[in-house]
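# Structural characterization, general
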Amino acid sequence: MVLLSTGCQLSMATVFPRFCQQAGSKTRRLITLGYAGTTTLSVAIAATFVALGLGRHFMPPSIGGRAVFIVSVPIWTIFAIQDPALTSLRAAVWVPVENIAYGVAKLLLLVAFVGILARTGVFIAWTLPVIAAVIAVNIYIYSRLVPGHMRILGDASALPSSRELLTFVSGEYVASLATITMQACPPLIVVSTLGPVAAAYLAVPWMFASTFYALIVSISTPLLVESVADPGARSVNARRSVIIGMAILIPLCVVVA
């Protein structure tokens, strides 16, 4: 689910922060088109995955179980790209709140479900909090953040042409595929060649590394937003971002090592 979703996000994690500060009156349209495009691709890829039988070794054999999997992929996609949407609207403070709440809920549900539903308990524990987060966050985005953002920026829009935007998205998407390969493939290779026990050992350091990577993203994405909003302060903000990142990551890496 996570791997398919990651391949369907069309680099919205970069597109939203890069262009929302220029979108003006087209902000709502930009975010909605991003959601619609990634959702459509997610449904198509997930349906193809199921139709080809690629998940038959772990997916429930029932039609209902497969339908739930197909629906879960676009929901996870929206869950992933709503964080850069929040950041691009200068509401990055809610990103860690949302993700910490999701992590706690996932762990609690895992304890509740894994003993009852040994086959699907992990999947349910991961998916239910995502649905709640997607609903809550996007109500907030569309009812509060987008209208406020459009009022501040006014009617002017400095978005590039459709061709330039497509070129940007295409280049970013190719780069994102390299990132997906780096992050997602090693655990899959380990579990397929060495088995689930070895994969469980890998999961612990991999979890730390992924968290540290997410920390860097959570610093660099607001930097991109502020660089677009205030080009004159790029150098100052870049230095501040590097200092903040190193101040957090170096002690953490020392402790983990």
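The model shown is predicted, which means the values in this text are computed figures rather than measured ones. (Residues numbered from 1 in each chain as written. Predicted model: local features only at pLDDT ≥ 70, side-chain atom pairs only at ≥ 80, totals over all residues. Heavy atoms only, no water.)

Turning next to the packing of aromatic side chains. Geometrically, a pair of aromatic rings is defined through the distance of the ring centres and the angle of the planes. In this structure the tally under the stated criterion is nine aromatic pairs. Measuring from centroid to centroid gives 6.1 Å for tryptophan 76 and tyrosine 102, while their planes differ by 70 degrees, and the two rings are edge-to-face. Placement of tryptophan 76 in helix H4 (residues 63–88) and of tyrosine 102 in helix H5 (residues 94–114) is noted, with a sequence separation of 26 residues between them. Note on tryptophan 76: relative accessible area 11%, which makes it buried. On the basis of relative accessible area, tyrosine 102 is assigned to the buried category, the value being 8%. Arranged with centres 5.0 Å apart and planes meeting at 50 degrees, the rings of phenylalanine 79 and tyrosine 102 form a pair that is tilted. Pair noted here: phenylalanine 79 is in helix H4 and tyrosine 102 is in helix H5, with a separation of 23 residues, a long-range link. Here the two residues phenylalanine 79 and tyrosine 102 agree in accessibility, since each one is buried. (Phe/Tyr/Trp six-rings, centres within 6.5 Å; stacked < 30°, edge-to-face > 60°. Helix = DSSP H or I, 4+ residues; strand = E, 2+ residues; numbered from the N terminus. Buried < 20%, exposed > 50% of the residue type's maximum accessible area, 1.4 Å probe, protein only.)

All right, on to helix H2 (residues 12–23) then. Given a rise of 1.5 Å per residue, 12 residues ought to cover 16 Å, yet the end C-alpha atoms of H2 are separated by just 14 Å, more than 12% below that figure. In this structure, the buried residues of H2 make contact with helix H3 (27–51), H4, helix H6 (121–153), helix H7 (162–193) and helix H8 (196–229). In the segment just after H2, glycine 24 is the residue with positive phi, at about 55 degrees. (Expected span 1.5 Å × (residues − 1). Contact = heavy atoms within 4.5 Å.)

Take unusual backbone geometry next. In this structure, leucine 10 takes a positive phi of about 50 degrees despite not being glycine. Mapped onto the elements, leucine 10 comes out in the loop between helix H1 (2–6) and H2. One non-glycine residue, serine 11, lies in positive phi territory at about 60 degrees. Of note, serine 11 is situated in the loop between H1 and H2.

On to the state of the cysteines, then. Scanning all chains against the criterion turns up zero disulfides. Cysteine cysteine 185 remains unbridged, with the sulfur of cysteine 8 as its closest cysteine sulfur at 15 Å. (Disulfide = S-S within 2.5 Å.)

So, on to the side chain of threonine 87. Note on placement: threonine 87 falls in helix H4. Classification of threonine 87 as buried rests on a relative accessible area of 9%. In this structure, threonine 87 is in contact with Ala92, Val95, Thr221, Pro222 and Val225, ignoring residues within four places of it in sequence.

The nonpolar side chains of a soluble globular protein tend to be buried with one another. Counting 36 residues, the largest nonpolar core has Phe16, Ile31, Tyr35, Phe69, Phe79, Leu86 and Ile141 as the members making the most contacts within it. For this core, the secondary structure elements donating two or more residues are H2, H3, H4, H5 and H6. Beyond its immediate sequence surroundings of up to four residues, phenylalanine 16 is in contact with Leu30, Ile31, Gly34, Tyr35, Ile81, Pro84, Ala85 and Ser88. (Core = buried A, V, L, I, M, F, W, Y, C linked by side-chain atoms within 4.5 Å.)

Compared with the 38 Å implied by 1.5 Å per residue over 26 residues, the 39 Å span of H4 between its first and last C-alpha is a close match. A maximum bend of about 25 degrees is found in H4 at isoleucine 81, where proline proline 84 lies one to four positions downstream. At the C-terminal side of H4, arginine 90 shows a positive phi close to 60 degrees. (Bend = angle between axes of the 7 residues up to and from the residue.)

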